[in-house]
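Chain and residue survey
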Amino acid sequence: MIPPIASNFVAGESPEAALAHVEGLNDRGVAGILNLLGEHYEERPPADADADAYVDLVEAIAERGVDACVSVKSSQIGLDIGDDVFEENLARIVEAANAPAATGSAETGADGTGTFVWIDMEDHETTDVTLDAFERHAVETDGNVGVCVQANLKRTRDDLERLADLPGKVRLVKGAYDEPAEISYKKKARVDESYRDCLAYMFEAFDDGVAVGSHDPAMIEYAKELYAEHETTYEVQMLTGVRESAQFELAAEDDVKVYQYIPYGSKWFSYFYRRIRERKSNALFALRAIVGN
Ligand code: FAD
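About the criteria used
Residues numbered from 1 in each chain as written. Predicted model: local features only at pLDDT ≥ 70, side-chain atom pairs only at ≥ 80, totals over all residues. Heavy atoms only, no water. Helix = DSSP H or I, 4+ residues; strand = E, 2+ residues; numbered from the N terminus. Buried < 20%, exposed > 50% of the residue type's maximum accessible area, 1.4 Å probe, protein only. Contact = heavy atoms within 4.5 Å. Areas by Shrake-Rupley, 256 points an atom, 1.4 Å probe, with all protein chains shown as cover. Lys, Arg positive; Asp, Glu negative; His and termini not counted. Charge placed at Lys NZ, Arg CZ, Asp CG, Glu CD. Core = buried A, V, L, I, M, F, W, Y, C linked by side-chain atoms within 4.5 Å. Near = heavy atom within 4 Å. Polar contact = N/O pair within 3.5 Å; in protein donor to acceptor, adjacent residues only side chain to side chain. 1 Å grid on protein atoms, 1.4 Å probe; cavity = no way out; pocket = protein on both sides within 12 Å on 5 of 7 lines; lining within 4 Å. Sits in = over half its atoms within 2 Å of the grid points. Nonpolar A, V, L, I, M, F, W, Y, C, P; charged D, E, K, R; others polar. Arc of directions from axis to C-beta. Points joined across faces, edges and corners; volume = space filled by probe spheres on them. pLDDT = per-residue confidence, 0-100. Axes fitted to C-alpha atoms, helices over the stretch in contact; angles between N-to-C directions. Parallel < 35°, antiparallel > 145°, perpendicular 65-115°, else oblique. Left-handed = near helix turned anticlockwise from the far one by under 90°. Pairing = 2+ DSSP bridges. Right-handed = clockwise from strand over helix to strand, strands pointing away.

Section: the overall build of the chain
Secondary structure assignment for the chain yields ten helices and eight strands. When its C-alpha atoms are laid out on the principal axes, the chain stretches across 50 × 40 × 40 Å. Looking at the chain residue by residue over its 293 residues, the buried ones come to 54%. Sequence separation of 24 or more characterises 69% of the internal contacts of the chain that already satisfy a separation of 6 or more. Of the roughly 13,100 Å² of accessible surface on the chain, 49% is carried by carbon and sulfur atoms. Across the chain, 28 positive and 56 negative side-chain charges occur, with their mean positions spaced 9 Å apart.

Quick look at the structure:
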């Protein structure tokens with residue numbers, strides 16, 4: 001069982017718990033992005049099992065009629081074993097998400113059907129294979145998939161030029177991986193500058209499908225300014241347990257859709273540990289819960 005302090009950041013161990021969490025969010029105007037926790041499998045059975053779980057999940061989303069989509073990590077569905085394993089499993093998930101059983105979902109593709117599938121971005125060695133897979137499925141599903149790109153990578157501004165011509169959505173994040181200095185920006189101020197450059201380009205060059213994956217009030221404010229200028233459809237995505245009151249306040253505004261990225265599953269401990277390590281306020285929150293204050 002997940003202890004109460006961790007359940008601030010993780011929706012539960014089962015898909016049922018995660019879907020119930022989505023229903024609560026939907027009631028408050030926020031949509032869900034469900035992520036089954038797991039990554040870096042070195043053998044095929046767990047990668048296949050997680051892909052199976054996503055197939056079941058996209059069907060459950062459609063059946064429950066909740067406003068939700070899914071987000072999957074490439075190393076979770078086999079990239080460390082081989083590109084072919086990743087591609088096979090991703091194809092199974094995208095196919096299930098676009099099959100008739102998954103139609104009727106509140107999150108729809110350009111043709112009005114299907115559960116939307118996001119592909120998270122992992123370290124820089126996975127960028128090419130992930131973008132290639134996104135491109136293939138974006139074209140095949142007419143835009144019912146999305147991919148994440150990272151502002152800390154120097155290549156990202158160029159990658160966005162390629163992505164601008166494709167259907168689908170692109171989530172811009174600052175980047176969670178410690179990358180080599182030759183290919184990445186290391187200083188926070190430089191990453192923020194790159195985030196702004198990339199975001200400005202996306203609002204200018206994309207028809208729609210801009211996703212702001214950030215908790216940073218400055219970036220969210222900048223997105224509002226860019227929207228006022230370009231009117232490109234956009235959404236804001238934040239994590240479960242991080243600035244949730246801001247998520248609900250933003251969702252009450254007219255011009256932007258808000259998604260909460262919701263991790264769930266039995267492998268919750270390392271995710272929770274990362275969250276409490278990254279910010280002093282989260283660590284204090286955990287400490288207060290432990291001492292019962
Ligand atoms: P930061 O630069 O960390 O913080 C800026 C400001 O935001 C802070 O000063 C504060 O005002 C506010 N803030 C940030 N965190 C908190 C907090 N915990 N509590 C209160 N205020 C806070 N990374 C990847 O590499 N690949 C992915 O696929 C990926 N997917 C993501 C999906 C989503 C929906 C989100 C939100 C993030 C994702 N990330 C991903 C992580 C991302 O790269 C960053 O590491 C992470 O979001 C921290 O950057 P930030 O923009 O939120 O703000």
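Considerations on the nonpolar core
Across soluble globular proteins, you tend to see nonpolar side chains buried next to one another. Counting residues in each nonpolar core, the largest one holds 73 residues, and the members touching the most others are L34, L160, L163, L199, F206 and Y234. Considering each element in turn, this core owes the most residues, seven residues, to helix α6 (residues 188-205). Discounting residues that sit within four places of it in the chain, L199 has contacts with L172, V210, V212, M219, Y222, A223 and L226. Core analysis: the second largest hydrophobic core is formed by 20 residues, V10, A211, L239 and I276 among them.

Examining the site of the ligand
Near the ligand you find 24 residues, and of these M121, K174, G175, S214 and R279 are the closest. At a separation of 3.2 Å, a nitrogen atom of the ligand approaches a polar side-chain atom of R171. If you map the ligand onto the pockets, it falls in the largest pocket. Per element, the largest residue contribution to the shell around the ligand is three residues, and it comes from strand β7 (residues 234-239). When the residues that make up the shell around the ligand are grouped by side-chain class, the tally is ten nonpolar, seven polar and seven charged.

Quick notes on helix α5 (residues 156-164)
If you check which residues of α5 are buried, you get T156, D159, L160, L163 and A164. Down the axis of α5, the buried side of the element spans an arc of 140°, and every buried residue falls inside it. The inward-facing, buried residues of α5 abut α4 (127-140), β4 (145-150), β5 (169-173) and α6.

Observations regarding the layout of surface pockets
The probe, sized like a water molecule, is rolled over the atoms to show the empty space still left. By volume, the largest pocket amounts to about 1,600 Å³. Lining the largest pocket are 43 residues, and of these G175, A176, L239, R275 and E278 lie nearest its centre. Every element with two or more residues in the lining of the largest pocket is listed here: β4, β5, α6, β7, α9 (268-278) and α10 (280-291). Residue contributions to the lining of the largest pocket peak at five residues, all from α9. Along the lines of polarity and charge, the residues of the lining of the largest pocket split into 14 nonpolar, 13 polar and 16 charged.

Comments concerning the confidence of the model for the chain
Of the residues in the chain, 90% reach a pLDDT of 70 or more, and the chain-wide mean stands at 92. For residues 105-112, every residue scores under 50 in pLDDT, and the model assigns this stretch 24 contacts once sequence neighbours within four places are set aside.

Structural notes on the environment of L250
Structurally, the position occupied by L250 is in helix α8 (residues 244-251). A C-alpha to C-alpha distance of 35 Å links L250 and P180, two positions 70 residues apart in sequence.

Thoughts on the packing of α5 against α6
Two quantities define a packed helix pair, namely the angle between the helix axes and the distance between the axes. Where α5 meets α6, the closest approach of the two axes is 10 Å, and the angle between their N-to-C directions is 15°. On the basis of the axis angle, α5 is roughly parallel to α6. Of the two possible hands of crossing, α5 and α6 adopt the one that is right-handed. Where α5 approaches α6, its residues T156, R157, L160, E161 and A164 are matched on the opposing element by D197, C198, Y201, M202 and A205. Residues belonging to the contact of α5 with α6 are distributed by class as follows: six nonpolar, one polar and three charged.

Quick notes on the pairing of strand β6 (residues 210-213)
Where burial is concerned, the two faces of β6 agree: the one with V210 and V212 and the one with A211 and G213 are both buried. Where β5 lies against β6, three bridges are found, and the strand directions are parallel. When the bridges of β6 are listed, R171 appears paired with A211. Taking the sense of rotation as the criterion, the β-α-β connection linking β5, α6 and β6 turns out right-handed.

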